[in-house]
Amino acid sequence: MVSLKPVTQHNLDAVLALQVHETQKCFVSSTAESLAQAYVHAKTAYPFAVYDDAILVGFIMMGYYEEKKYYTLWKLLIDRRYQGLGYGRAALEQGIAYLKEQFRVKEIYCGVIPGNEAASRLYQSAGFEYTGLIENGMQELRLKCG
């Protein structure tokens, strides 16, 4: 069963070792960069390790974008060894549930770098829709939650 668990001193090295395929590196930040951002934005970043029972399979981070006053799916990375097995979808669903439960969100935003068709398909299959905004080289998507 897929679950989100805090990144701690006990799993930090394993989280830092997560890797995507070489061709995907232009689409997603490393976990080290993501955790550095989480540290700097400690009050508004929510990073988690993605587990299938006891096996670490990925990383997800949600956040609150203070400038725009909305919640985001900020990062999603499934290790190359576990891609194509449904973990991205399960992690996305868990992240959405987390934001709904913790913050009673009405909308969740995310961004996709043009060309990242796998992420685009995943987000759209979960109900995200393109807003038409392109910012910082990313196409914005929004999920209406209620």
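Residues numbered from 1 in each chain as written. Predicted model: local features only at pLDDT ≥ 70, side-chain atom pairs only at ≥ 80, totals over all residues. Heavy atoms only, no water.

Caption draft 1: Representation of the pattern of salt bridges within the structure. Across all of its chains, the model carries five salt bridges by this definition. The shortest N-O distance in the salt bridge between lysine 25 and glutamate 22 comes to 3.3 Å. Salt-bridge contacts for aspartate 79 lead to arginine 81; the nearest nitrogen and oxygen are separated by 2.7 Å. Owing to a relative accessible area of 2%, aspartate 79 belongs among the buried residues under this scheme. (Salt bridge = Lys/Arg side-chain N within 4 Å of Asp/Glu carboxyl O. Buried < 20%, exposed > 50% of the residue type's maximum accessible area, 1.4 Å probe, protein only.)

Caption draft 2: Broad picture of the packing of helix α3 (residues 87-103) against helix α4 (residues 117-125). With their axes 10 Å apart at the nearest point, α3 and α4 run at an angle of 50 degrees to one another. By the angle class used here, α3 and α4 are oblique. At the point where α3 passes α4, the crossing takes the right-handed sense. Residues Gly88, Arg89 and Leu92 of α3 form the contact with α4, whose participating residues are Leu122, Tyr123 and Ser125. (Axes fitted to C-alpha atoms, helices over the stretch in contact; angles between N-to-C directions. Helix = DSSP H or I, 4+ residues; strand = E, 2+ residues; numbered from the N terminus. Parallel < 35°, antiparallel > 145°, perpendicular 65-115°, else oblique. Left-handed = near helix turned anticlockwise from the far one by under 90°. Contact = heavy atoms within 4.5 Å.)

Caption draft 3: Focus on α4. All of the buried residues along α4 are Ala119, Ser120, Leu122 and Tyr123. The buried side chains of α4 occupy one side of the element, clustering within an arc of 165 degrees when seen end-on. Its buried side turned inward, α4 meets β4 (70-78), α3, β5 (107-112), β6 (129-135) and β7 (138-144). Glycine 127 sits one or two residues past α4 and shows a positive phi near 105 degrees. (Arc of directions from axis to C-beta.)

Caption draft 4: The arrangement of the pairing of β5 in detail. Pairing geometry for β4 and β5, over two bridges, is parallel. Residue pairing for β5: threonine 72 is matched across the bridge by tyrosine 109. Handedness of the crossover joining β4 and β5 through α3 is recorded here as right-handed. Across six bridges, the pairing between β5 and β7 is antiparallel. Bridge pairing in β7 places cysteine 110 opposite leucine 141. (Pairing = 2+ DSSP bridges. Right-handed = clockwise from strand over helix to strand, strands pointing away.)

Caption draft 5: Structural context of the nonpolar core. In terms of nonpolar packing, the biggest core is built from 30 residues, with Ile60, Met62, Leu76, Leu92, Ile108, Tyr123 and Phe128 touching the most fellow members. When contributions to this core are tallied by element, the ones reaching two or more residues are β1 (2-6), β2 (45-52), β3 (55-65), β4, α3, β5, α4 and β7. Residue contributions to this core peak at six residues, all from α3. Setting aside chain neighbours within four positions, we find methionine 62 in contact with Leu4, Thr44, Ala45, Tyr46, Phe48, Thr72, Leu73, Trp74, Gly95, Tyr98 and Leu99. Counting residues in hydrophobic clusters, the runner-up holds 12 residues, among them Val15, Val20, Leu35 and Met61. (Core = buried A, V, L, I, M, F, W, Y, C linked by side-chain atoms within 4.5 Å.)

Caption draft 6: Spatial organisation of the packing of aromatic side chains. Applying the stated rule across the entire model yields 10 aromatic pairs. With a centroid separation of 4.7 Å and 25 degrees between ring planes, the pair formed by tyrosine 71 and phenylalanine 103 is classed as stacked. Residue tyrosine 71 is located in strand β4, and its partner phenylalanine 103 is located in helix α3; the two are separated by 32 residues in the primary sequence. Classification of phenylalanine 103 as partly exposed rests on a relative accessible area of 27%. Through successive ring pairs, a cluster of aromatic residues spans Tyr46, Phe48, Tyr64, Tyr71, Tyr98 and Phe103. (Phe/Tyr/Trp six-rings, centres within 6.5 Å; stacked < 30°, edge-to-face > 60°.)

Caption draft 7: Focus on the sheet that holds β4. Taken in spatial order, the seven strands make up an open sheet running β1-β2-β3-β4-β5-β7-β6, and their pairing is mixed. Edge positions in the open sheet fall to β1 and β6, since each of these has one partner strand only. Strand after strand, the sheet turns through a mean of 30 degrees between neighbouring axes, direction not considered. Note: β1 against β2, five bridges, orientation antiparallel. In the strand pairing of β2, proline 6 is matched with phenylalanine 48. Most of the contacts of helix α2 (residues 31-40) go to β3, to which it runs at about 35 degrees, and overall it touches β2, β3 and β4. Most of the contacts of α3 go to β4, to which it runs at about 155 degrees, and overall it touches β1, β2, β3, β4, β5 and β7.

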